[in-house]
Amino acid sequence: MKKNIIAGNWKMNNGLTETIELIAALKPLVKDAEAEVAVCVPFTDLAVAKKALKGSKIKLGAQNIHWADKGAFTGEISGAMLKELKVDYVIIGHSERRQYFGETDATVNARLKAALKYDIKPIVCVGETLAEREAGKVEEVLIRQTEGAFADIDKASLKNIVVAYEPVWAIGTGKTATSDEANDTIAIIRKKIQKLYGSPVAKALRIQYGGSMNAKNAKELMAKEQIDGGLIGGASLKAVDFSQVVNYNA
Ligand code: PGA
């Protein structure tokens, strides 16, 4: 049975003190969660977060990974470095990376390979912009992003990968895809995975929804057949808000 996964994406928020405080507040609130829980924190918070998470089942995630093992890549962080920090998950290809930092399907694929090499579970983000949705290109975009991300990735690796469907127009805007929209769009991604890797792999793959998911809409979204979790931005920055998403069934 696959386990749902709710991951917080802190983005560029929280220094060391805030990290310690937020995790301390969060731990008791999510200790009975049915879903797997993760917090994806800025690189500078990873070591402190790891320590703060001790005694809980909450997993630790980073927000990016470079494809090279080491070398002249100023400002980048390697898989080896993340592994040393005992990072469990890493977000790859978030739309903010694609939009502001030149991330492409090819770099997403290279980073995905690095994560798998270092045994860090990737959360691979895909999603269309508002212009693409309005132009009727949702399917085309998601198929291109999925094919690009998964190029040369073998079937056996799929069990370690999580996909996050995040419509760009729903991120940080307060606009959520309706649960039906999210469900139907995730079905497109799953169908593509089925074509690439077969039905059992596609069924077992965990696909999250992300984009203004919060305490109010989590239950309805999570009830959908295709939705196996959430990637939570804004609502992951407050312990109570995030715990209410995590405990969507309570
Ligand atoms: P949001 O962000 O929940 O603030 O919309 C989600 C994300 O970008 O991962």
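Structural notes, computed from the coordinates. (Residues numbered from 1 in each chain as written. Predicted model: local features only at pLDDT ≥ 70, side-chain atom pairs only at ≥ 80, totals over all residues. Heavy atoms only, no water.)

### Side note on the overall build of the protein
Scanning the protein from terminus to terminus reveals 11 helices and 8 strands. With the principal axes as the frame, the protein shows a C-alpha extent of 45 × 45 × 35 Å. Out of the 250 residues in the protein, the part that is buried amounts to 51%. Long-range pairs, those at least 24 residues apart, make up 72% of the contacts in the protein between residues at least 6 apart in sequence. (Helix = DSSP H or I, 4+ residues; strand = E, 2+ residues; numbered from the N terminus. Buried < 20%, exposed > 50% of the residue type's maximum accessible area, 1.4 Å probe, protein only. Contact = heavy atoms within 4.5 Å.)

### Quick look at helix H8 (residues 179-197)
Compared with an ideal rise of 1.5 Å per residue, which puts 19 residues at 27 Å, H8 spans 26 Å between its outermost C-alpha atoms and is within 8% of the ideal. Count one or two residues on from H8 and you reach Gly 198, which has phi positive near 95 degrees. (Expected span 1.5 Å × (residues − 1).)

### Some thoughts on helix H7 (residues 138-149)
Counted at 1.5 Å a residue, the expected span for H7 with its 12 residues is 16 Å, and the 16 Å between its end C-alpha atoms agrees. Taken residue by residue, H7 has Val 138, Val 141, Leu 142, Gln 145, Thr 146, Gly 148 and Ala 149 as its buried positions. All buried residues of H7 project into a common sector of 165 degrees when viewed along the axis, lining one side. Considering only its buried residues, H7 is in contact with helix H4 (95-100), helix H5 (105-117), strand E5 (121-126), helix H6 (130-134), strand E6 (162-165) and H8. (Arc of directions from axis to C-beta.)

### So, the side chain of Glu 166
Looking at where Glu 166 falls in the secondary structure, it is placed in the loop between E6 and H8. Engagement of the side chain of Glu 166 in a polar contact is seen with the side chain of His 94, the distance being 3.1 Å. Look past the residues within four positions of Glu 166 in its chain and what remains in contact with it is His 94, Cys 125, Val 126, Gly 127, Glu 128, Ile 171, Gly 210, Gly 211 and Leu 231. (Polar contact = N/O pair within 3.5 Å; in protein donor to acceptor, adjacent residues only side chain to side chain.)

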